[in-house]
Amino acid sequence: MKRLTLKDIAKALNLSAPTISKALSDSYEINKETKEKIIAYAHEHNYQYNALARSLKTGKTNIIGVIVSTISNSFFSQILEGIEESSLFQKYNIIIMQSRESPAVEKKCIDILYSKGVDGILISPVSDSANLSYLQQLHNGNCPIVIFDRINNNLQTFKIGIDNKKAAQKATQELIDRNYSKILHITGVANGVTNERLLGFQEALKQNNIAFDDRKLLRCDLSQIQIVEEQILNKLEELKNDNKSPDAIFTATDLLTNRTIGLLAQQKIKIPSEIALIGFSNTNYAFSFNPPLTCISQPATRIGKLAFEKMIHILEFRLKKREIVYETIELDAAITIRESI
């Protein structure tokens, strides 16, 4: 089937090609009646604009780059769902890349996206400081950056996530209210999100006059997935040998929550009679675990939508040379109580 062109539409409607182009770009120069007539004809005949030709003319590709740690993580999958839904509405294409929790891989992802001429980059950074100056340099230039999820950094842009300290404090309090006091906190290293969650955990202990024991803190390197399970097993064995076995575990990331519940089942440790478990998790199947998992879930789809909307806001304001007032948006996480505590 022959591809419909602007000239074809112009000929069919007895209008000029520039008029057709302006109408399809929603230009104020074209009156409403003519614009509606042109758009209706274009839709009826399945017109698709030539993205390459348009990018050469405008300097825009209508492509947004997105960098997450791992696509397989249900939390990031839901964020990508929100981004994609918003991008389709705005007629943008998305390129998704994975940093795999590695600063070097993240740098490569940024390089590739920038070389492809993306209009902007949405990113969940691997840490507070890795590649920060590079991102700021791009943001100050012609490639704006919006941060989502891991918002504890000094980049001057829009940042969208949750109040991590508040969520962790609330989760820890749920355990304490059920008379758990020997709580093992399993967390990650290198990024501000997990540090904020640790602060929330410690704050809840302090408010309940429970001393923080650093032996009941395990930091896992999430870039070394193959050894995370070994680290958790070693910590549990170490505490058992010291007669300091935890009565509950609070896991600070989706990955750690999923790995921990699997390991406890593998070791035939009964939940919650031997060890209770609460953790961050956005899996849709938490109710089907054995036992069903008590989890802190984040409004991931909403985070993705907001991140994309803020990117469009930056692009539009820069085009109009208007001042942009950046903000950090912290949404509330939800705790769903189930039988694991």
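Because the structure is predicted, anything quoted here is derived from the model rather than measured.

The rules behind these values
- Residues numbered from 1 in each chain as written.
- Predicted model: local features only at pLDDT ≥ 70, side-chain atom pairs only at ≥ 80, totals over all residues.
- Heavy atoms only, no water.
- Helix = DSSP H or I, 4+ residues; strand = E, 2+ residues; numbered from the N terminus.
- Buried < 20%, exposed > 50% of the residue type's maximum accessible area, 1.4 Å probe, protein only.
- Pairing = 2+ DSSP bridges.
- Axes fitted to C-alpha atoms, helices over the stretch in contact; angles between N-to-C directions.
- Contact = heavy atoms within 4.5 Å.
- Expected span 1.5 Å × (residues − 1).
- Salt bridge = Lys/Arg side-chain N within 4 Å of Asp/Glu carboxyl O.
- Phe/Tyr/Trp six-rings, centres within 6.5 Å; stacked < 30°, edge-to-face > 60°.
- Lys NZ or Arg CZ within 6 Å of the ring centre and 35° of its normal.

Before going further, it helps to examine the overall build of the protein. Tallying secondary structure elements over the protein gives twelve helices and twelve strands in all. Seen along its three principal axes, the alpha-carbon backbone of the protein occupies a region of about 85 × 40 × 35 Å. The buried share of the protein, taken over its 341 residues, is 48%.

Read across the open sheet, the six strands follow the order E2-E1-E3-E4-E5-E11; overall the sheet is parallel. Taken across any chain shown, the strands that pair with only one partner, and hence form the sheet edges, are strand E2 (93–98) and strand E11 (328–331). Within this sheet the neighbouring strands show an average axis-to-axis angle of 15 degrees, counted without direction. Of the pairings in the sheet, the one linking strand E4 (residues 145–148) to strand E5 (residues 159–162) comprises two bridges and is parallel in character. Residue pairing in the sheet places Phe-148 in a bridge with Ile-160 of E5. Contacting strand E1 (63–68), E2, strand E3 (120–123), E4, E5 and E11, helix H12 (residues 300–319) crosses the sheet at an angle of about 165 degrees to E4.

Attention now moves to helix H8 (residues 164–177). Here H8 is 14 residues long and its end C-alpha atoms lie 20 Å apart, about the 20 Å a rise of 1.5 Å per residue gives. Among all positions of H8, only Asn-164, Ala-167, Ala-168, Gln-169, Ala-171, Thr-172, Glu-174, Leu-175 and Ile-176 are buried. After H8 finishes, the residue Asn-179 shows a positive phi value of roughly 70 degrees.

Turning to its location among the elements, Ser-69 is positioned in the loop between E1 and helix H5 (74–89). Ser-69 has contacts with Phe-76, Gln-98, Ser-99, Arg-100, Glu-101 and Arg-150, leaving out every residue within four places of it along the chain.

This part is about the pattern of salt bridges. Under the criterion given, the structure shown has twelve salt bridges. Here Glu-174 makes a salt bridge to Arg-178, at a shortest N to O gap of 2.7 Å. Between Lys-216 and Asp-213 there is a salt bridge, and its shortest N-O distance comes to 3.9 Å. Side by side, Lys-216 and Asp-213 carry an identical accessibility label, which is buried. Three or more residues joined by partner-sharing salt bridges are found here, namely Glu-101, Asp-149 and Arg-150.

Moving on: the sheet that holds strand E7 (residues 217–220). In space, the six strands of this open sheet follow the order E7-E6-E8-E9-E10-E12, with mixed pairing throughout. Either end of the sheet is taken by a strand with one partner, and the two such strands are E7 and strand E12 (334–336). Within this sheet the neighbouring strands show an average axis-to-axis angle of 15 degrees, counted without direction. Pairing between strand E10 (residues 294–297) and E12: three bridges, direction antiparallel. For Cys-295, the partnering residue across the bridge sits in E12 and is Thr-336. Across the sheet, helix H9 (residues 192–207) lies against strand E6 (183–188), E7, strand E8 (248–251) and strand E9 (276–280), angled at about 165 degrees from E6, the strand it touches most.

Right, let's get into the environment of Ile-335. Mapped onto the elements, Ile-335 comes out in strand E12. Given the relative accessible area of 19%, Ile-335 is considered buried. A sequence separation of 168 residues divides Ile-335 from Ala-167, and the C-alpha atoms of the two residues are 8.2 Å apart. Each residue touching Ile-335, except ones within four places of it in the same chain, is listed here: Ala-167, Lys-170, Ala-171, Glu-174, Thr-294, Cys-295 and Ile-296.

Our focus in this paragraph is the packing of aromatic side chains. By the definition in use, this model includes six aromatic pairs. Aromatic pair Tyr-92 and Phe-308: ring centres 5.9 Å apart, planes at 80 degrees, arrangement edge-to-face. Here Tyr-92, found in the loop between H5 and E2, pairs with Phe-308, found in helix H12; they are 216 residues apart in sequence, far enough to count as distant. Residue Tyr-92 shares its accessibility class with Phe-308, and that shared class is buried. Here Phe-201 and Phe-212 contribute two aromatic rings whose centre-to-centre distance is 6.4 Å and whose plane-to-plane angle is 80 degrees, an arrangement assigned as edge-to-face. You can see Phe-201 sitting in helix H9 and its partner Phe-212 sitting in the loop between H9 and E7, a full eleven residues away along the chain. Phe-212 sits in the partly exposed class, given a relative accessible area of 33%. Linked through ring pairs, Phe-201, Phe-212, Phe-250 and Phe-280 together constitute an aromatic cluster. In this structure, Arg-197 packs its charged tip against the face of Phe-280, placed 3.7 Å from the ring centre. The positively charged end of Arg-322 is found above the aromatic ring belonging to Phe-317, 4.2 Å away from the centroid.

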